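# Tertiary structure, described
Next come the chains, spelled out residue by residue.
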Amino acid sequence: FTEVRRYTNAFIIQDGKILLGYKKRGYGQGLWNGFGGKVEPGESSLQAAERELEEEAGIRAQLRLAGTLFFIDAKVPWAFHIDIFVAHTFTGEIIETDEMRPQWFCAQMAEDTEDPEVARLPQIPYDRMWADDIYWMPQLLRDTPFAGRMDFAKNGTLRKWWVAKVVN
Ligand code: 6U4
Ligand code: NA
Ligand code: NA
């Protein structure tokens, strides 16, 4: 590959639940993920993340950088630099869009869940998410800054990865 392309991915984590979207089209179709997309020319990744969250889920939030990931996918001739953002509050009404079907998931261990409504939510569907997500989602849920690197093979399997905590 000869290019790096910048992307964003944003999660709302609130009261023991996490908002994910089912990707209805394009790259990662059929997987659950945060809301996000390409950073446009002239935008910061924060601006892009807030714009994409509104475009894909209909809501606005003051996002904060939670982590940074660098992916290589043997099927794609560029590398992905993805900034992961989080917010604990948002404004507006969550809506389904052409690209994403939003849904809340339980973001706690069952034994930690006191709110019965949260306990009834489905668990985070790691088996229907990008294979790397299970390695950094715990850091995101714990509010630990993280960085990572993942290599996907042509057949879609995760060949190599690491995730580390950012300490300063
Ligand atoms: P268009 O259709 O051009 O508007 P856009 O919404 O800008 O597309 P899209 O949806 O293709 O971009 O962005 C890809 C999304 O997939 C970004 O949110 C980043 C995310 N993504 C890509 N590889 C990922 C991976 N391995 N793990 C992960 N998210 C990934 O969790
Ligand atoms: Na997108
Ligand atoms: Na876009």
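Summarised in this report is the structure supplied together with it. Model, not experiment: these values are computed from the prediction.

Conventions used here
- Residues numbered from 1 in each chain as written.
- Chains lettered and ligands numbered in written order.
- Predicted model: local features only at pLDDT ≥ 70, side-chain atom pairs only at ≥ 80, totals over all residues.
- Heavy atoms only, no water.
- 1 Å grid on protein atoms, 1.4 Å probe; cavity = no way out; pocket = protein on both sides within 12 Å on 5 of 7 lines; lining within 4 Å.
- Points joined across faces, edges and corners; volume = space filled by probe spheres on them.
- Helix = DSSP H or I, 4+ residues; strand = E, 2+ residues; numbered from the N terminus.
- Nonpolar A, V, L, I, M, F, W, Y, C, P; charged D, E, K, R; others polar.
- Donors = N, O, S within 2.8 Å, 3.2 Å for Na, K, Ca; no water.
- Buried < 20%, exposed > 50% of the residue type's maximum accessible area, 1.4 Å probe, protein only.
- Core = buried A, V, L, I, M, F, W, Y, C linked by side-chain atoms within 4.5 Å.
- Contact = heavy atoms within 4.5 Å.

A few words on the layout of surface pockets. A volume near 560 Å³ is recorded for the largest pocket. Contributing to the lining of the largest pocket are 31 residues, with Tyr7, Lys23, Tyr27, Gly36 and Gly37 lying nearest its centre. If you list the elements that add at least two residues to the lining of the largest pocket, you get strand E1 (4-14), helix H1 (45-57), strand E4 (64-73), strand E5 (79-87) and helix H3 (133-141). Taken together, the residues that form the lining of the largest pocket break down as 13 nonpolar, seven polar and eleven charged.

What follows is about the coordination of the sodium ion (ligand 2). The coordination sphere of the sodium ion (ligand 2), as far as protein atoms go, consists of Gly36 (O), Glu56 (OE) and Glu99 (OE), spread over 2.2 to 2.3 Å. Mapping the donors of the sodium ion (ligand 2) onto the primary sequence yields the spacing G-x19-E-x42-E. The metal-metal distance between the sodium ion (ligand 2) and the sodium ion (ligand 3) is 5.5 Å. Here Glu56 is found in helix H1, whereas its partner Glu99 is found in the loop between E5 and strand E6 (100-106), with 43 residues between them in sequence. When its relative accessible area of 1% is taken as the criterion, Glu56 is described as buried. Under the relative-accessibility criterion, Glu99 is labelled buried at 17%.

Further remarks concern the nonpolar core. Core analysis: the biggest nonpolar cluster contains 27 residues, and Phe11, Ile18, Trp136 and Leu140 have the highest contact counts within it. The greatest single-element share of this core, amounting to four residues, is contributed by E5. Not counting chain neighbours up to four residues away, the residues in contact with Trp136 comprise Phe11, Leu69, Ile84, Phe146, Met150 and Val163. Within the second largest apolar cluster, 14 residues are counted, among which are Ala10, Leu19, Ala61 and Met100.

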